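# Understanding the architecture of this molecule
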Amino acid sequence: MNEVVELALRMGDNCLILGHRVSEWCGHGPVIEEDIAMANVALDLIGQAQMWLALAGELEGQGRDADALAYRRDAFDFRNLLLVERPIDDFGVTLMRQFLFDAWHKLMLEHLVRSSDARVAEIAAKAVKEVTYHLERSGDLVERLGDGTAESRARMQAALDALWPYVGEMFASDAIDHTLAAHAVAPAPETLRHEWDTLTGSALRAATLDIPDSDFAHLGGRAGRHTEHLGYILADMQFLQRAYPDAQW
Amino acid sequence: MYAQMVQAEGMKAPEEMDERERAFQARIDAGEKIEPKEWMPEGYRKTLIRQISQHAHSEIVGQLPEGNWITRAPTLERKQILLAKVQDEAGHGLYLYCAAETLGVSRDELNAQLLSGKAKYSSIFNYPTLNWADIGAVGWLVDGAAIMNQVALQRTSYGPYARAMVRICKEESFHQRQGYTIMMKMAFGTPAQKRMAQDALNRFWYPSLMMFGPSDKDSVHSAQSMAWKIKINTNDELRQKFVDQTVPQAKYLGLTIPDADLAWNEEKGGYDFSEPDWSEFYAVLKGNGPCNAERMAARQKAWDDGAWYRDGLMANAEKRAERRFAAMPIAAE
């Protein structure tokens, strides 16, 4: 079923691109503990990307492995959410993006653990353990920094406001999602929204933050229409593979 | 070695020592470990703080040249290995700062010394990483040179430092093997890859030799540190050991060490080799290496940009403590 390839690409590309963004913090975090934690999250995400993209390559049957998919596709073949390609900006934006994504990621994986496709279920079972911890950490920090100083609250609120237009895409279902849902491979993303609102709402309220009153959502990433940022991520990430296509690394 | 030219304080001849100092030296001579709350000469404490913090700063600044290639690592596996390595370095920095804290100095104070330029870090991290083989060369040569010193420091007299070294050495030797694996891939790869490997070796060879510090004849601070077992081997001993270990590895890779005078000396059972340009070494220590300004600017920016985060967490911790206190029955009365 081609839709499973799409699912694996969507999950894998989210992990790959977010992992790339998070890894940009290496050596530049606000405290050493954050350098260590951010590297850990990036490592988990890159590891998950490897599993999803390997599955996508295998099911696609064109002889592409995870590296070929990561390093030899152009932007319009990437299937990640626009949210994860946003620049890292300040640490508040990085943390808020992580929190908004982690909450979605955890709910998605919890459903995928019960997927009718055993290979999908197996990857989800490995990933959900890591992502549960990611959410615990990002949620805790969002709460603390929201309810910290006036400045930390202002930064977290600004981050939430800036990222809110990228939340809706996580729950926008298309024909591929509906086919996957009909075959019990994956939930339709729209069905996760209520749970996500509950999960994030309690943390954001504890953080004393105001949830933006807008349904507007930028869409397109899951169909390969990205922001300008993705091209630069790929130029950076794919440089060696593109410049030296005959090399083994 | 990540600690270069650590100035030792309070060198005293045995006849100048008081009874406590003589007893302290006797314990060190007997191979005993000194633990945090025990009495120690002020010079020993200050010298250790200087050395441990220089080592910690080196780990932290050392994240930058390798971090430079994380987003450009050529495969997902290489990216993971590099991320894990840079993460280990942050971890080493953290336990070394903790070891220094047992001597009565806070991490924030040490960080302030780094940013003000008062404290130093290893000269090696002021060199740039310019091609992917540099990531291999840093693991192979830089971690290789660091291990030479750190293996011996597992026997250093100060307990917390010695114990930190045990763990650090395990990880560093793993890093060195990973670095060498990258070098093999590059040296045995396409002509373009081999060119990158040779270029990396050309640039990192002499800076790696400098990591051991100046020649023994010019190293004025060693004697006291060696008496205290804060330093175990001399700079020249370690440098020789490093060269003897590394030359055959370069030969196996088919790479040329950039030293026309490198030759096996049967009589001493080691290689004769050219000294690095020490004027370059002193220039780098003074701040004039290719990347000093950028490395310090990056650390300063991380510190400044992180202020609101650190303040926010502190404010939250205080609020939580107050709420807990207010919820206590006695406080409510």
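Shown above is the structure to which this text applies.
Residues numbered from 1 in each chain as written. Chains lettered and ligands numbered in written order. Predicted model: local features only at pLDDT ≥ 70, side-chain atom pairs only at ≥ 80, totals over all residues. Heavy atoms only, no water.

### Notes on the overall build of chain B
The helix and strand inventory of chain B stands at 14 helices and 2 strands. Here chain B has a C-alpha radius of gyration of 22 Å; the compact-globule value for 333 residues is 20 Å, and the two agree. With the C-alpha coordinates of chain B rotated into their principal frame, the extents come out at 80 × 60 × 35 Å. Out of the 333 residues in chain B, the part that is buried amounts to 55%. (Helix = DSSP H or I, 4+ residues; strand = E, 2+ residues; numbered from the N terminus. Rg over C-alpha atoms; globule rule 2.2 N^0.38 Å. Buried < 20%, exposed > 50% of the residue type's maximum accessible area, 1.4 Å probe, protein only.)

### Points about the interface of chain B and chain A
Contacts between the two partners involve 46 residues from chain B, matched on the other side by 52 residues from chain A. Summing both partners gives a buried area of about 4,200 Å² for chain B against chain A, and 64% of it is carried by carbon and sulfur. The largest contributions to the chain B side of the interface with chain A come from L76(B), W308(B) and Y309(B), which together make up 20% of the buried area. Across the chain B-chain A interface, the total number found is 4 salt bridges. We note a salt bridge from E33(A) to R107(B), for which the minimum N-O separation is 2.6 Å. The set of elements that each furnish at least two residues to the side of chain B that touches chain A consists of α3 (63-67), α4 (76-101), α7 (159-187), α8 (191-210), α12 (292-305) and α13 (307-327) of chain B. It is α4(B) that provides the largest number of residues to the side of chain B that touches chain A, a total of 13 residues. (Contact = heavy atoms within 4.5 Å. Buried area = accessible area lost by both parts, 1.4 Å probe. Salt bridge = Lys/Arg side-chain N within 4 Å of Asp/Glu carboxyl O.)

### What about the pattern of salt bridges?
Residue and element names in this part refer to chain A. In the structure shown here, the tally under the stated rule is 32 salt bridges over all chains. Of the charged contacts in the structure, one is a salt bridge between D13 and R73, with a shortest N-O distance of 2.7 Å. Of the two residues, D13 is situated in helix α1 (residues 2-23) and R73 in the loop between α3 (66-71) and α4 (82-85); the sequence distance between them amounts to 60 residues. Judged by relative accessible area, R73 falls into the buried class, the value being 2%.

### A word on helix α11 (residues 278-288) of chain B
Residue and element names in this part refer to chain B. Of the positions making up α11, those classed as buried are W278, F281, V284 and L285. The arc that holds every buried residue of α11, seen down its axis, measures 115°, which confines them to one face. Every exposed residue of α11 that faces more than 90 degrees away from the buried side is listed here: S279, K286 and N288. (Arc of directions from axis to C-beta.)

### What about α7(B)?
In a regular helix each residue adds 1.5 Å, so 29 residues correspond to 42 Å; α7(B) covers 41 Å between its end C-alpha atoms and thus fits that length. Bending of α7(B) peaks at approximately 25° at the position of I168(B). (Expected span 1.5 Å × (residues − 1). Bend = angle between axes of the 7 residues up to and from the residue.)

### Structural notes on the packing of helix α5 (residues 107-116) of chain B against α12(B)
Packed helices, taken two at a time, are described by the angle their axes make and the gap between the axes. Residue and element names in this part refer to chain B. Where α5 meets α12, the axes come as close as 10 Å, and the angle between the chain directions of the two elements is 140°. What the angle tells us is that α5 and α12 run oblique. Once α5 is placed against α12, the crossing between them reads as left-handed. Between α5, through D108, N111, L114 and L115, and α12, the contact on the second element is made entirely by M296, R299, Q300 and W303. In terms of residue class, the contact of α5 with α12 is made up of 4 nonpolar, 2 polar and 2 charged. (Axes fitted to C-alpha atoms, helices over the stretch in contact; angles between N-to-C directions. Parallel < 35°, antiparallel > 145°, perpendicular 65-115°, else oblique. Left-handed = near helix turned anticlockwise from the far one by under 90°. Nonpolar A, V, L, I, M, F, W, Y, C, P; charged D, E, K, R; others polar.)

### Let's talk about the packing of aromatic side chains
Here the structure, examined in full by the defined rule, presents 18 aromatic pairs over all chains. Consider the rings of F188(B) and Y252(B), whose centres lie 5.7 Å apart with planes at 85°: the pair is edge-to-face. You can see F188(B) sitting in the loop between α7 and α8 and its partner Y252(B) sitting in helix α10 (residues 235-253), a full 64 residues away along the chain. A network of ring pairs unites the aromatic residues W25(A), F91(A), W308(B) and Y309(B) as a single cluster. Its guanidinium or amino end placed over the ring of W69(B), R72(B) lies 3.7 Å from that ring's centre, counting from NZ or CZ. The ring of W303(B) has R310(B) sitting right over it, with the charged end atom 3.4 Å from the ring centre. (Phe/Tyr/Trp six-rings, centres within 6.5 Å; stacked < 30°, edge-to-face > 60°. Lys NZ or Arg CZ within 6 Å of the ring centre and 35° of its normal.)

### A closer look at the side chain of E6(A)
Relative to the assigned elements, E6(A) resides in helix α1. Not counting residues within four places of it along the chain, the set of residues in contact with E6(A) comprises R79(A), I176(A) and R222(A).

### Thoughts on the nonpolar core
W52(A), M96(A), W104(A), L112(A), W196(A) and W132(B) are the most contacted members of the largest nonpolar core, which totals 143 residues. The contacts of W196(A), once residues within four sequence positions are left out, are L100(A), A103(A), W104(A), L107(A), W164(A), V167(A), M170(A), F171(A) and G201(A). (Core = buried A, V, L, I, M, F, W, Y, C linked by side-chain atoms within 4.5 Å.)

The analysis is restricted to geometry; functional conclusions fall outside its scope.
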